[in-house]
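# Reading the structure
The residues making up each chain are set out below.
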Amino acid sequence: MPHSHHHHDHAHRAVAAAPTFSLLRLSAWERLGGAAILLAGLWLLVFWVLG
């Protein structure tokens, strides 16, 4: 069985692990704002379903 495709092939992993949008590149304030917007949206959804 040939071992041509194994887990140490960094060329394919580098392309797959390069997203155009990464949460790790956001600042702390941007992440906090995004979490606040997400929570507000979830609460609006809860009130919309219950109301």
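Right above here is the structure, for reference.
Reference entry: report on the structure contained in this document. Since the model is a prediction, treat every value here as computed from it, not as a measurement.

### Points about the overall build of the chain
Within the chain, the secondary structure is distributed over two helices and zero strands. Burial status across the chain gives 2% buried among its 51 residues. Summing over all exposed atoms, the chain offers an accessible surface of approximately 5,300 Å²; the carbon and sulfur share of this is 73%.

### Concerning a nonpolar patch on the surface
On the surface, Leu38, Leu39, Leu42, Trp43, Leu45, Val46, Phe47, Trp48, Val49 and Leu50 cluster together into a nonpolar patch covering about 1,200 Å² of accessible area. Mapped onto the secondary structure, Val49 falls in helix α2 (residues 28-50).

### Quick notes on the environment of Glu30
Topologically, Glu30 is positioned in helix α2. Of the polar contacts made by the side chain of Glu30, one reaches the backbone nitrogen of Ser27; its length is 2.9 Å.

Reading guide: rules and limits
- Chains are numbered independently. Their residues run from 1 in the order of the written sequence.
- Residue-level local features of this predicted model are given only where pLDDT is at least 70; pairs of side-chain atoms are given and counted only at 80 or more, and the full residue set underlies all totals for whole chains, interfaces and linings.
- Excluded from the side-chain calculations are hydrogens and water; all other atoms, namely the structure's heavy atoms, are used.
- Numbering of helices and strands starts at the N terminus; helices are DSSP runs of H or I of at least 4 residues and strands are runs of E of at least 2.
- Relative accessibility thresholds used throughout: buried, under 20% of the residue-type maximum; exposed, over 50%; partly exposed, between the two (1.4 Å probe, protein chains only).
- Accessible surface area values rest on a Shrake-Rupley calculation with a 1.4 Å probe, where residue burial reflects the displayed protein chains alone.
- Every patch collects residues that have over 30% relative accessible area and no salt bridge, joining them within 9 Å if they carry like charges and within 5 Å if they are nonpolar side chains (Val, Leu, Ile, Met, Phe, Trp, Tyr).
- Put simply, a salt bridge is a Lys or Arg side-chain nitrogen that is within 4 Å of an Asp or Glu carboxyl oxygen.
- The definition of a polar contact used here is a pair of N or O atoms within 3.5 Å, where within protein one atom must be able to donate a hydrogen and the other to accept one, and adjacent residues in sequence count solely through side-chain atom pairs.

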